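# Structural description and commentary
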Amino acid sequence: MAAATTEIRWHGRGGQGAKTAAIFLAEAVLDQGKHSQGFPEYGPERRGAPVRGFTRISDAPIRLHCSIAEPDYVIVLDPTLLDSKAAGVPDGASDNTVFLINTVETPANIRKRLGIKGGKVHTVDASLIAQECFGRPIPNMPMIGALAAVADVITLENLVSSLVVRFKKKFSQAVIDGNVTAVERAYKELVSE
Amino acid sequence: MKQIYVGLTGNEAVATAFKQARPHVAPAFPITPQTEMMHKFADFVADGVVDTEMILVESEHSAMSAAIGAAATGARTFTATSSAGFALMWEVVYIAASLRLPICMPVVNRALSGNINIHNDHSDAMGGRDAGWIQLWCENTQEAYDHALMCWRIAEHKDVRLPVMINYDGFIISHTSESLHILPDEDAWKFVGPKDLKTGYSLLDVDHPITVGPLDLTDYYFEHKLSQIEALKRAPKYIAEVYKEFGELTGRHYSFYEEYRTDDADMIIVALGSTAGTAKDVIDAQREKGVKVGLLKIHMFRPFPAAELAKALSKAKVVGVMDKSASFGGWGGPLFNEIRSALYDLPARPKIHNWIYGLGGRDTDTKQIVSLIEQLQAIAKGREAETVNLLGVRL
């Protein structure tokens, strides 16, 4: 029997980095000896259209090759998706599903908007954090910081060191530093119920 | 040997393996979901990591034609394709095999049009199953990487000399980052080795001039087809040898097909590609409940290991074959037909039923496979059922 697998579903809009986050997290946990999968849901590629990403993390090799219908964690990069039936944010959630929402609203309000009774809801203003830390409201990296605070899939130290190593190939030191600060702030500023 | 633990998409993993095999020539034309593989390989070329001559052509028909020309000179050559691109190169796909050229080609499996669909099924490769190529199928990113190293040793073996298609599921594997072990460049190169340019014939060998691809009518065409038939008959022996050597080197042991929990299985599911992985998780859960079900996953579809498969499946009461392509107007899917035919000479045949599934990338989740197993259980108990069924479609 396969070991327990953590399943994470990302909801964003094209351009917010849902795909990048899903794959970044999958690759970042490898440094901790985990097995992982990260994949987007491909459809028409349009900036602003609802997109989903998926991450699976396990201590054992992962063999499932299907979409994530019953996620352990649901991460929403864009709060305007909460009311979209097509985006399907609460789809397949159980009483144990944990929601992480990029929003200025409180967890209690989000709970009402999603129409859920069980699970757990956390919120963080990741767009503002991103804007303040690296000058662009791209919320994906701070949302991984928020995830590190509530999920046992990656430590903040491992997340920061993975980010530094992986971003070095593409970005300036200023961008890397800004992202590190953003991740650390989201880790701390997460609002829980 | 120390291997490197990384996260790569199927496309990145295959591009990495091909870089390690140091091909001489790679004609390229883009088509989703293969494109990213050639992008990655082109990066390696642009960065000077590998000195492959890339030829950017104007269509897949030209890509395969260029590959044939390059391979006929003796160059280690690959191209890659998917779906409609594969369909467009049809004519020349047959020629590559007829000329016994050891070209390697990932077919990143995608549905055929129409309507236009970029997602995974196996219609593209199944249409090419009779083209004379060796066809190998992969479940995940690791298997795609491994086969992209092994294919060269198989294709270029002096007693094989056939082109090899490596199949992996579009998006599900090609665009999914998965954890896998790759070989260090030097170890990979040691395994693949340089192409033996003295084997066979070369267009560039002016001391031994030859003609490639002339008119071949009633006098010799049939004998040349015989040479292809015989080469494919010989191939399994060498594929097994390469699998064995690779297993000793890496600890990853392959065979023509993988049997998963089939030893005492009353019911065996047969599948190709990524769905086999999902099926394994479902089978583990069913086994916990005492359901005796197993899986047979095929790696080598061409040449088809009929006798071995018949033996492996003979123990089962019911066999359920999953086909990710429809044979319109036919009696079940292509994999089903081969398996059913292979079982015909058994003294006591299992019942065998077919499920067409996942067309155009329809997600094949655990629930669908559970439902398939429930149907197999009912058939095992004697319930009448359709021979050919559909799985996961809205009726």
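Residues numbered from 1 in each chain as written. Chains lettered and ligands numbered in written order. Predicted model: local features only at pLDDT ≥ 70, side-chain atom pairs only at ≥ 80, totals over all residues.

### Side note on the packing of helix α3 (residues 126-134) of chain A against helix α6 (residues 173-189) of chain A
Residue and element names in this part refer to chain A. Close contact between α3 and α6 brings their axes to 8 Å; oriented N to C, the two are set at 145 degrees. Regarding α3 and α6, the two cross each other, and that crossing is right-handed. Listed contacts from α6 to A126, I129, A130, C133 and F134 of α3 are V175, G178, N179, T181, A182, R185, A186 and E189. Partitioned by chemical class, the residues of the contact of α3 with α6 number eight nonpolar, three polar and two charged. (Axes fitted to C-alpha atoms, helices over the stretch in contact; angles between N-to-C directions. Helix = DSSP H or I, 4+ residues; strand = E, 2+ residues; numbered from the N terminus. Left-handed = near helix turned anticlockwise from the far one by under 90°. Contact = placed C-beta atoms within 7 Å. Nonpolar A, V, L, I, M, F, W, Y, C, P; charged D, E, K, R; others polar.)

### Overview of the sheet that holds strand β11 (residues 300-302) of chain B
Note: strands within a sheet are paired through backbone hydrogen bonds, in either parallel or antiparallel orientation. Residues and elements named next belong to chain B. Taken in spatial order, the four strands line up as β4-β6-β5-β11 in an open sheet, and their pairing is mixed. Either end of the sheet is taken by a strand with one partner, and the two such strands are β4 (104-109) and β11. Between one strand axis and the next, the sheet turns by 25 degrees as a mean value, whatever way the strands run. Here strand β5 (residues 134-137) runs beside strand β6 (residues 164-169); their pairing, made up of four bridges, is parallel. (Pairing = 2+ DSSP bridges.)

### Here's the deal with the interface of chain B and chain A
By a widely used convention, the size of an interface equals the accessible area lost when the partners come together. Counting residues at the interface gives 23 residues for chain B, matched by 19 residues for chain A. Counting residues per element, the ones that place at least two in the side of chain B that touches chain A are β1 (4-9), β7 (177-182) and α10 (275-288) of chain B. In terms of residue count, the dominant contributor to the side of chain B that touches chain A is α10(B) (seven residues). Along the lines of polarity and charge, the residues of the side of chain B that touches chain A split into five nonpolar, 11 polar and seven charged. Pairing of strand β2 (residues 35-40) of chain A with β7(B), which is carried by two bridges, proceeds in the antiparallel orientation. Following the sheet pairing, A:Q37 is matched in β7(B) by B:E178.

### Some words on the domain arrangement of chain B
Residue and element names in this part refer to chain B. As assigned here, chain B comprises domain 1 (4-250) and domain 2 (259-391). The centre of domain 1, based on its C-alpha atoms, is set 28 Å off from the matching centre of domain 2. Contact residues are listed per partner, giving 28 residues for domain 1 and 20 residues for domain 2. Listed by contribution, the elements that provide at least two residues to the side of domain 1 that touches domain 2 are α6 (123-127), β5, β6 and α9 (221-250). Per-element accounting of the side of domain 1 that touches domain 2 gives the leading share, five residues, to α9. Counted by class, the side of domain 1 that touches domain 2 contains 14 nonpolar, nine polar and five charged residues. (Domains from an automatic or database assignment.)

### Structural notes on the nonpolar core
Ranked by size, the top nonpolar core spans 118 residues in total, and within it B:C151, B:V164, B:I166, B:I268, B:V270 and B:I339 carry the most contacts. With nine residues, the top contributor of residues to this core is helix α7 (residues 141-155) of chain B. Built from parts of two domains, this core gets at least three residues from each of domain 1 (4-250) and domain 2 (259-391) of chain B. Non-local contacts of B:V270, meaning those with residues more than four positions away in its chain, are made with B:L296, B:I298, B:V319, B:V321, B:M322, B:L335 and B:I339. Listed in part, the 55 residues of the second largest apolar core include A:I8, A:I75, A:I129 and A:A148. (Core = buried A, V, L, I, M, F, W, Y, C linked by C-beta atoms within 7 Å. Buried ≥ 20, exposed ≤ 12 C-beta atoms within 10 Å, placed from the backbone.)

### Points about the packing of helix α4 (residues 140-150) of chain A against helix α5 (residues 156-168) of chain A
Residue and element names in this part refer to chain A. Put simply, α4 and α5 touch, their axes get as near as 9 Å, and they point 155 degrees apart. The pairing of α4 with α5 is recorded here as roughly antiparallel in orientation. You can see that α4 and α5 cross each other, and the crossing is right-handed. Residues M141, I144, G145 and A148 of α4 pack against L156, L159 and L163 of α5. Here the contact of α4 with α5 is built from residues that sort into six nonpolar, one polar and no charged. (Parallel < 35°, antiparallel > 145°, perpendicular 65-115°, else oblique.)

### Some thoughts on the sheet that holds β2(A)
What the nine strands build is an open sheet, ordered β7(A)-β6(A)-β5(A)-β4(A)-β1(A)-β3(A)-β2(A)-β7(B)-β1(B); its pairing is mixed. The open sheet is flanked by β7 (191-192) of chain A together with β1 of chain B, the only strands paired with a single partner. Where strand β1 (residues 5-13) of chain A and strand β3 (residues 50-58) of chain A come together, nine bridges link them in antiparallel fashion. Residue A:H11 lies in a different strand from β3(A), and its bridge partner there is A:R52.

### A word on helix α3 (residues 60-72) of chain B
All names here are of chain B. Along its 13 residues, α3 runs 18 Å from first to last C-alpha, staying within 8% of the 18 Å computed at 1.5 Å per residue. Among all positions of α3, only E60, A63, M64, A66, A67, I68, A70, A71 and A72 are buried. Residues of α3 that are buried make contact with β2 (25-28), β3 (53-56), α4 (83-88) and α5 (90-98). With its phi angle positive at about 105 degrees, G74 sits one or two positions after the end of α3. (Expected span 1.5 Å × (residues − 1).)

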